[in-house]
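Below, each chain spelled out in residue letters.
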Amino acid sequence: MIDHSLFENTDTAFILKSDSELERAYFLFKMISSQPLVRIGTAATNFALKAKLPVEGLIRSTVFDHFCGGVSEDDCLSVIDNLFTEKVSSVLDYSVEGKETKDQFDNALKKILKIIRFCDKKEAMPIVVFKPTGFGRFHLFQKKTKGVDFTPDEQEEWDRIVGRFDAVCKLAKEKDVEVLIDGEESWMQTAADDLVEEMMRRYNKEVPIVYNTLQAYRSNRLDYLKQLHIRAKKIGFKVGMKIVRGAYMEKERKRAEEKGYASPICENKKATDDNFNATLSYILENLKDISIFIGTHNEDSCYLAMELMEKYKITKQDNNVWFGQLYGMSDHISFNLAASGYNVAKYIPFGPVKDVMPYLIRRAEENTSVAGQTNRELALLKTEKKRRKL
Ligand SMILES: Cc1cc2nc3c(=O)[nH]c(=O)nc-3n(C[C@H](O)[C@H](O)[C@H](O)COP(=O)(O)OP(=O)(O)OC[C@H]3O[C@@H](n4cnc5c(N)ncnc54)[C@H](O)[C@@H]3O)c2cc1C
């Protein structure tokens, strides 16, 4: 039987937080819970960074240090070691977004390869992650998704993207490190899906090294997974799948409306939840063929995963099932799951402050719009403050 009060344990949830860190987290989520404040704060921060005003220190000591591991991978080491004392692993996430040049993509590749070599020596880092558009221009993924032919120059550029994907997956295979490849906007995702599948064919022959991402807020993604499963069995490779609900809902809906096509997003939250849970069930029932990384802060989905693991007699330590949350969020899930013996990893974003801003803004907006989640964080922090008599 699964204990449905597991995530209420704030003692375990905040075991690594000093009193002052607890106070800072409370203050931060209080600020984030105010929509006008987030809107003004975001605009002011963007302006200040563009105008080169000295605001980095302020950003670092507030949102940045709460949601990010540091500016460089070395900065993150103490965070990684600290988390691992409580059996929580780390996935270093080089969160620099919106880059457009060959040098920037090559630089991102170098970073990820360095992280894989880093992982090789560290038990606390069994997994790496990258974004498809971290290795190539969004425009190319979009064009390929649409089925439009490349110019010769674009074809060369695309071949370089394939080369970057391959270099990461190949080294990961050599070093036995799993690679998660993030999901992005639907109008570029088919090209990414095809490329990731190609990597699975090359490197997932015996064990799953390469993982694609399934965003459950898209109505038809379980069908995609079932088709992929059929191909994997026929050809003979393992499927790796990170499942999430999806981070670009507003952008997806807005574009569909502007361009006059049917939105690919589920019509309401319940439909997304049902999709997520159905995908979770499908994978856990087929774990011999498909491995899963469950990226969620949703408590019900985590309880469901635990129940299904019990039903299908999957051990907590089975390396084919991982739970994941973002650094700075839902510690009550991560630390309580890890203390109970499940495989848990935190995504630890890092990078120069100004480059990580889009990531931080998404987190602030997500926490503002998903009011329930912020309120939950605040309630748990309050309980812990009270328990510590702060
Ligand atoms: C480890 C990890 C990795 C992630 N990687 C990715 C990634 O690669 N790509 C990506 O896109 N996101 C990624 N995310 C973010 C994720 O997609 C969600 O935005 C976030 O986790 C919130 O969803 P939830 O399951 O935690 O919680 P919940 O709070 O239960 O769900 C919120 C989500 O439900 C959906 N939703 C909300 N309202 C509605 C509505 N009215 N109609 C339909 N759907 C609705 C949206 O997707 C929203 O984000 C990742 C998250 C984690 C924890």
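Here the structure is shown first, and the text comes after it.
What this report covers is the structure whose coordinates are included nearby. (Residues numbered from 1 in each chain as written. Predicted model: local features only at pLDDT ≥ 70, side-chain atom pairs only at ≥ 80, totals over all residues. Heavy atoms only, no water.)

Moving on, we come to the overall build of the chain. From N to C terminus, the chain includes 16 helices and 8 strands. The globule rule puts the C-alpha radius of gyration for 390 residues at 21 Å, and the 20 Å found for the chain is close to it. For the chain, buried positions account for 55% of its 390 residues. The long-range share in the chain, meaning contacts at least 24 apart out of those at least 6 apart in sequence, stands at 78%. When the accessible area of the chain is evaluated, it comes to approximately 17,700 Å², of which 53% is carbon and sulfur surface. (Helix = DSSP H or I, 4+ residues; strand = E, 2+ residues; numbered from the N terminus. Rg over C-alpha atoms; globule rule 2.2 N^0.38 Å. Buried < 20%, exposed > 50% of the residue type's maximum accessible area, 1.4 Å probe, protein only. Contact = heavy atoms within 4.5 Å. Areas by Shrake-Rupley, 256 points an atom, 1.4 Å probe, with all protein chains shown as cover.)

The immediate surroundings of the ligand are formed by 29 residues, with Arg-245, Gly-246, Thr-272, Thr-296 and His-297 found nearest. Here Asp-182 contributes a side-chain N or O atom positioned 3.2 Å from an oxygen atom of the ligand. A distance of 2.7 Å separates an oxygen atom of the ligand from a polar backbone atom of His-297. Relative to its unbound accessible area of 930 Å², the ligand is 90% covered by the protein chains. Looking at the shell around the ligand, the elements that each hand over two or more residues are β4 (210–215), β5 (239–244), α11 (249–259), α12 (269–285), β6 (290–295) and β7 (321–326). The biggest single contributor to the shell around the ligand is β7, with 3 residues. Looking at the shell around the ligand residue by residue, the classes come out as 10 nonpolar, 13 polar and 6 charged. (Near = heavy atom within 4 Å. Polar contact = N/O pair within 3.5 Å; in protein donor to acceptor, adjacent residues only side chain to side chain. Nonpolar A, V, L, I, M, F, W, Y, C, P; charged D, E, K, R; others polar.)

Once that is clear, we can look at helix α5 (residues 77–84). Of the residues making up α5, those classed as buried are Val-79, Ile-80 and Leu-83. In an axial view of α5, the angular spread of the buried residues amounts to 100°, which keeps them on one side of the axis. (Arc of directions from axis to C-beta.)

Turning our attention to the side chain of Ser-90. Inspection of the secondary structure assignment puts Ser-90 in strand β1 (residues 89–94). Leaving out residues up to four positions away in the same chain, Ser-90 has contacts with Ile-80, Leu-83, Ala-124, Met-125, Pro-126, Ile-127, Lys-346 and Ile-348.

Once rolled over the atoms, a probe with the size of a water molecule shows which space is left empty. The tally for this structure, following the rule as stated, stands at 1 cavity of 30 Å³ or more. Considered as a void within the structure, the largest cavity measures approximately 40 Å³ in volume. Lining the largest cavity, in full, are Phe-14, Lys-17, Ala-25, Phe-29, His-66, Gly-328, Met-329, Ser-330, Asp-331, Glu-377 and Leu-381. Of all elements in the fold, only α2 (19–32) and α16 (371–387) reach the threshold of two or more residues within the lining of the largest cavity. By residue class, the composition of the lining of the largest cavity is 5 nonpolar, 3 polar and 3 charged. (1 Å grid on protein atoms, 1.4 Å probe; cavity = no way out; pocket = protein on both sides within 12 Å on 5 of 7 lines; lining within 4 Å. Points joined across faces, edges and corners; volume = space filled by probe spheres on them.)

In contact at an axis separation of 11 Å, helix α7 (residues 138–146) and helix α8 (residues 152–175) are set at 100° when each is read in the N-to-C sense. It follows that α7 is roughly perpendicular to α8 by the angle criterion. On α8, the residues touching His-139, Leu-140, Phe-141, Lys-143 and Lys-144 of α7 are Glu-154, Glu-157, Trp-158, Ile-161 and Phe-165. Residues of the contact of α7 with α8, tallied by class, amount to 5 nonpolar, 1 polar and 4 charged. (Axes fitted to C-alpha atoms, helices over the stretch in contact; angles between N-to-C directions. Parallel < 35°, antiparallel > 145°, perpendicular 65-115°, else oblique.)

Bringing the state of the cysteines into the picture now. In this structure the tally under the stated criterion is 0 disulfides. The cysteine Cys-76 is free of any disulfide, with Cys-68 supplying the nearest cysteine sulfur at 8.4 Å. Cysteine Cys-302 is unpaired, with the sulfur of Cys-266 as its nearest cysteine sulfur at 19 Å. (Disulfide = S-S within 2.5 Å.)

Turning to the side chain of Glu-154, a few remarks are in order. Relative to the elements of secondary structure, Glu-154 occurs in helix α8. Its relative accessible area of 10% is what places Glu-154 among the buried residues. Excluding anything up to four places from it in sequence, Glu-154 contacts His-139, Leu-140, Lys-143 and Asp-149.

Take the sheet that holds β7 next. Taken in spatial order, the 8 strands of this open sheet run β1-β8-β7-β6-β5-β4-β3-β2, and their pairing is parallel. Two strands bound the open sheet, and with one partner strand each, they are β1 and β2 (127–130). Strand-to-strand twist in this sheet, taken as the mean axis angle between neighbours without regard to direction, amounts to 30°. The sheet contact formed by strand β3 (residues 178–181) and β4 spans 2 bridges and is parallel. Paired with Val-179 across the two strands is Val-210, which belongs to β4. Here α12 sits on the sheet in contact with β4, β5, β6 and β7, set at roughly 145° to β6. Contacts from helix α13 (residues 299–311) reach β6 and β7 within the one sheet, and its direction differs from that of β7 by about 170°. (Pairing = 2+ DSSP bridges.)

Applying the stated criterion across every chain, the model contains 34 salt bridges. Lys-114 is paired through a salt bridge with Glu-73; the nearest N and O atoms lie 2.9 Å apart. In this pair, Lys-114 sits in helix α6 (residues 102–120) while Glu-73 sits in the loop between α4 (56–67) and α5, placing the two residues 41 residues apart along the sequence. On the accessibility criterion, Glu-73 (3% relative accessible area) is buried. For Asp-120, the salt bridge goes to Lys-175, with nearest N and O atoms at 3.6 Å. Here Asp-120, found in helix α6, pairs with Lys-175, found in helix α8; they are 55 residues apart in sequence, far enough to count as distant. (Salt bridge = Lys/Arg side-chain N within 4 Å of Asp/Glu carboxyl O.)

Along β7, 6 of the 6 residues are buried, which leaves the element largely enclosed by surrounding structure. In the sheet, β6 pairs with β7 via 4 bridges, with the strands oriented parallel. Paired with Gly-295 across the strands is Gly-324, a residue of β7. This β-α-β element, β6 to α13 to β7, shows right-handed connectivity. Across 4 bridges, β7 lies against strand β8 (residues 344–350) in parallel orientation. (Right-handed = clockwise from strand over helix to strand, strands pointing away.)

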